[in-house]
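Each chain is listed here by its residues.
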Amino acid sequence: MTTTADPVPMLDTAASWAELAHELEPAVLAVLRSGRWVLGETVARFEREVAAVLDVPHAIGVASGTDALQLALMALDVRPGDEVVTTPFTFFATASTIARLGAVPVFADVREDDLLLDVERVESVIGPRTRVVLPVHLYGQCVDPVAFADLAHRRGIALLEDAAQAIGGARAGVMAGSLGALAAFSFYPTKNLGAAGDGGLVTTRDADLAERVRCLREHGARDRYHHLEIGLNSRLDAVQAAILSVRLRHLAAWNAARDRVARTYDTLLGEAGLLERVRPLARAAGGVHVWHQYVVRVPRREDVRDALHRAGIGCAVYYPVPLHLQPCFAHLGGQPGDLPVAERAAAEVLALPIHPGLRTEEQERVVATLAGVLGD
């Protein structure tokens, strides 16, 4: 039966705008009146502000999270025939940016408990053409910085973080975006720090790499009409930077609210006796998980998803097809069974509603619906 109760959305971007309209609208109007709509001081100010939050000296605003990954790979001189080791259980852009440069994405399986890239499996597939290791901080939880830093150092390989889902996150005292040679962030509207459209960021501790990314984002030019190399047209526009500056001031509070929502889910699922059938992912002790998604593994996933949708409850699958089985990567030879942990996860994961404004009574509806479809 279809519910008549108010829907429980995954995210309400209109409500998130309304919450801060008194700050956002004057900021946007000031940019429009200035006539400086691409780069400029508004963007430079946001870059300084976000660099301070992320504990890095250099932050470069770009047009999207996908461009952030591509520009970082370009700055690391990834070329045709090079190999980049990454996870099969992530958004498509993590691997497509590698392939777009003519390089080869090499997939290593993920860990069973948290679905983060398995550092031991990464080491097992490193070869003479491996140039970069690209772990993903998945769903808001960071990979183990000690293990990956040690691997990169021992093998002499650059480390590039895909931090698109983890702004404000940390593990073992290391902030997301400050671990690798470079890191890429996304400001897509659904992210914890979202723009009103596309936007992205590259961070680094290396001044030379930062300068190269700045050059690459403007067609490979340091001075106008003088191009040192072939780059991209990938500049963060000033309107988005103004919006992000306002929202950045609220990021810590929003991430804390997401953590409270996640802990409430844990409690409600336990009280409903569902933790054997609705299994949250493991969390690292002492880490700062920013809960871009609250993801569980469930049996009969399609039945569960359908029941939630009928009840007016938003949910989503991130990700239903691991990258090594995507048709566009068939030429790499991936076969079912090659990466069994990622493949099992793709059949079981389900993201439940999570955002700073989610109310406890809405979470109770989510859990009651799960109990109705999975209960004894």
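The structure presented is a predicted model; accordingly, all values stated were derived computationally and were not measured. (Residues numbered from 1 in each chain as written. Predicted model: local features only at pLDDT ≥ 70, side-chain atom pairs only at ≥ 80, totals over all residues. Heavy atoms only, no water.)

Draft legend 1. Representation of the side chain of Asp82. Inspection of the secondary structure puts Asp82 in the loop between helix H4 (65–75) and strand S2 (83–86). Arg131 is the oppositely charged side chain nearest to the buried, salt-bridge-free Asp82, at an N-O distance of 4.1 Å. Discounting chain neighbours no more than four positions away, the residues touching Asp82 are Asp77, Ala103, Val104, Arg129 and Arg131. (Helix = DSSP H or I, 4+ residues; strand = E, 2+ residues; numbered from the N terminus. Buried < 20%, exposed > 50% of the residue type's maximum accessible area, 1.4 Å probe, protein only. Lys, Arg positive; Asp, Glu negative; His and termini not counted. Salt bridge = Lys/Arg side-chain N within 4 Å of Asp/Glu carboxyl O. Contact = heavy atoms within 4.5 Å.)

Draft legend 2. Looking closely at helix H9 (residues 238–248). Of all the 11 residues making up H9, 10 are buried; the element is thus mostly covered by neighbouring parts of the structure. Of the surrounding secondary structure, the elements contacted by the buried residues of H9 are helix H1 (13–19), helix H2 (21–34), helix H3 (40–54) and helix H10 (251–271). Measuring from the backbone nitrogen of Val239 back to the side-chain oxygen at the start of H9 gives 3.1 Å, which picks out Asp237 as the cap. (Polar contact = N/O pair within 3.5 Å; in protein donor to acceptor, adjacent residues only side chain to side chain.)

Draft legend 3. Representation of the side chain of Thr90 in the model. Along the chain, the position of Thr90 falls in the loop between S2 and helix H5 (93–100). Within polar-contact distance, the side chain of Thr90 engages the side chain of Thr94 at 3.0 Å. When sequence neighbours within four positions are dropped, the list of residues in contact with Thr90 reads Val136, Asp162, Tyr319 and Leu323.

Draft legend 4. Structural view of the pattern of salt bridges. Here the structure, examined in full by the defined rule, presents 29 salt bridges. We note a salt bridge from Arg129 to Glu83, for which the minimum N-O separation is 3.1 Å. With a gap of 46 residues between them, Arg129 in the loop between helix H6 (119–125) and strand S4 (130–134) and Glu83 in strand S2 connect regions that are remote in the sequence. We classify Arg129 as partly exposed; its relative accessible area is 46%. On the basis of relative accessible area, Glu83 is assigned to the buried category, the value being 13%. If you follow the salt bridges from partner to partner, you end up with Glu112, Arg279, Arg297, Arg344 and Glu348 in one network.

Draft legend 5. Region of interest: the environment of Leu209. Locating Leu209 in the fold gives a position in helix H8 (residues 207–216). For the pair Leu209 and Leu236, spaced 27 residues apart in sequence, the C-alpha separation works out to 18 Å. Ignoring sequence-local partners within four residues, the contact set of Leu209 consists of Ala75, Leu76, Ala181, Leu182 and Thr204.

Draft legend 6. Geometry of a nonpolar patch on the surface. On the surface, Leu29, Leu32, Trp37 and Val38 cluster together to form a nonpolar patch covering roughly 370 Å² of accessible area. With respect to the secondary-structure elements, Val38 resides in the loop between H2 and H3. Classification of Val38 by relative accessible area gives partly exposed; the value is 41%. (Patch = residues over 30% accessible without salt bridge, like charges linked within 9 Å, V, L, I, M, F, W, Y side chains within 5 Å. Areas by Shrake-Rupley, 256 points an atom, 1.4 Å probe, with all protein chains shown as cover.)

Draft legend 7. How the structure looks around the pairing of S4. Among the 5 residues of S4, 4 are classified as buried, and the element is accordingly described as predominantly covered. With 4 bridges joining them, S2 and S4 adopt parallel strand pairing. Residue pairing for S4: Thr86 is matched across the bridge by Leu134. Bridge count between S4 and strand S5 (residues 158–162): 2 bridges; the pairing is parallel. Within S5, the position partnered with Val132 by the bridge is Ala158. Between S4 and its parallel partner S5, the chain crosses via helix H7 (residues 145–155), and the hand of that crossover is right-handed. (Pairing = 2+ DSSP bridges. Right-handed = clockwise from strand over helix to strand, strands pointing away.)

Functional significance is not addressed by these values, which are geometric in nature.
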